[in-house]
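# Working through the structure, step by step
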Amino acid sequence: MLTKYKIVFLGDQGVGKTSLITRIMYDTFDSHYAATIGIDFLSKTMYLDDKTIRLQLWDTAGQERFRSLIPSYIRDSNVAIIVYDITNKESFNDVTKWFNVVKEERGSNVLVVLVGNKSDLDNKTITNEEGETLAKKLGCNFFIETSSKNGYNVKNLFKKIGKLLPELQNENADEALDGKPKDTVQMIDVSVNQQNQENLDSCQC
Ligand SMILES: Nc1nc2c(ncn2[C@@H]2O[C@H](COP(=O)(O)OP(=O)(O)OP(=O)(O)O)[C@@H](O)[C@H]2O)c(=O)[nH]1
Ligand SMILES: [Mg+2]
């Protein structure tokens, strides 16, 4: 049977959650900001590589007024991707808060990934080392810097998750997609251009 996994994107307003999903799904980027309202069901089912793993992406709103909706979506998720903006210190400071929400709802049976997005920007205020250090301190499965604008490391992010997923105890993953809106099945090629992407082996997970 095909194993299905649910991935929830978390993080402050404007850090690039929707843009990361748009990049991996459609390989496009929109510089116009349209805040996600509530939880976005634009989620889709995808295959990673030739592995029979299905991932469903759930986009949440970073805006404060939607915070109360989020815990119930974390509850049956297998992976939480916490995103901050490398040019926005507040979004980095809030990572611990997002992490604690995940742990409260999901305990230890969840992969938690820390993503520093917008690596294409020059006015970086959070260094790679600070991201690594926080991820280690919190016990995240791995840390990665990405850019949804130029695509840097976006495929690697999903590839690394795909590698970790089979090790995850997945007691409810098959039910995770039941009763949800019908999704488009989409093949995602996660083969990466080594010149352009971070070397997976050098990443500390
Ligand atoms: N330069 C740059 N801009 C980005 C990047 N990712 C997203 N943006 C821009 O940042 C703004 C916010 O991006 P979104 O993807 O909507 O952010 P979000 O986290 O989904 O925001 P909420 O839905 O409000 O929680 C948009 O104007 C994007 O174009 C990136 O990697 N680089
Ligand atoms: Mg959004």
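Residues numbered from 1 in each chain as written. Chains lettered and ligands numbered in written order. Predicted model: local features only at pLDDT ≥ 70, side-chain atom pairs only at ≥ 80, totals over all residues. Heavy atoms only, no water.

Formally: UniProt positions are given in the numbering used here, feature names are shortened, and annotations may be inferred rather than shown by experiment.
As stated in UniProt under Subcellular location (unreviewed entry), the record for the protein chain gives "Endomembrane system".

## Describing the coordination of the magnesium ion (ligand 2)
Rules: Metal donors were taken as nitrogen, oxygen and sulfur atoms no farther than 2.8 Å from the ion, or 3.2 Å where the ion is Na, K or Ca. Water is excluded, so coordination may look unfinished. Runs of E in the DSSP output that reach at least two residues are strands. Runs of H or I that reach at least four are helices, and both are numbered from the N terminus. For every residue, the accessible area (1.4 Å probe, protein chains only) is compared with the maximum for its type, and the residue is labelled buried under 20%, exposed over 50%, or partly exposed between those bounds.
Surrounding the magnesium ion (ligand 2) are the protein donor atoms Thr-18 (OG1) and Thr-36 (OG1), which sit 2.0 Å from the metal. Of this pair, Thr-18 sits in helix 1 (residues 17–26) while Thr-36 sits in the loop between helix 1 and strand 2 (39–40); the two residues are 18 residues apart in sequence, bridging distant segments of the chain. The exposure class assigned to Thr-18 is partly exposed, which follows from its relative accessible area of 27%. Given a relative accessible area of 11%, Thr-36 falls into the buried group.

## Observations concerning the environment of Arg-65
We count it as follows: What qualifies as a polar contact is a pair of N or O atoms within 3.5 Å, subject to a donor-acceptor requirement within protein and to the restriction that residues adjacent in sequence count only when both atoms come from side chains.
Of note, Arg-65 is situated in the loop between strand 4 (53–60) and helix 2 (70–75). On the basis of relative accessible area, Arg-65 is assigned to the exposed category, the value being 59%. For Arg-65 and Gly-38, which are 27 residues apart along the polypeptide, the C-alpha to C-alpha distance reads 8.8 Å. Within the local environment of Arg-65, its side chain forms a polar contact with the side chain of Gln-63, the two groups lying 2.7 Å apart.

## Some thoughts on the confidence of the model for the protein chain
The criterion, for reference: Confidence of the predictor at the level of single residues is captured by pLDDT, which takes values from 0 to 100. Between two residues, a contact is recorded if the distance between any of their heavy atoms is within 4.5 Å.
Residues of the protein chain with pLDDT of at least 70 account for 74%, and the chain-wide mean is 82. Within the model, the stretch residues 171–187 combines pLDDT values under 50 with 34 contacts to residues more than four positions away or in other chains. Under a pLDDT of 50 for its full length, residues 191–205 has, in the predicted model, 30 contacts with residues more than four places off or in other chains.

## A word on the packing of helix 1 against helix 6 (residues 154–164)
Definition in use: In this analysis, axes come from line fits to C-alpha atoms, helices being fitted only over the stretch in contact, and the angle between any two N-to-C directions falls in the range 0 to 180 degrees. Any angle from 65 to 115 degrees is called roughly perpendicular, while one under 35 is roughly parallel, one over 145 is roughly antiparallel, and all others are oblique.
Axis separation between helix 1 and helix 6 bottoms out at 9 Å; the angle between their running directions is 85°. The orientation of helix 1 with respect to helix 6, classified from their angle, is roughly perpendicular. Residues Leu-20, Arg-23 and Ile-24 of helix 1 touch helix 6, and the partners they reach there are Val-154, Lys-155 and Phe-158.

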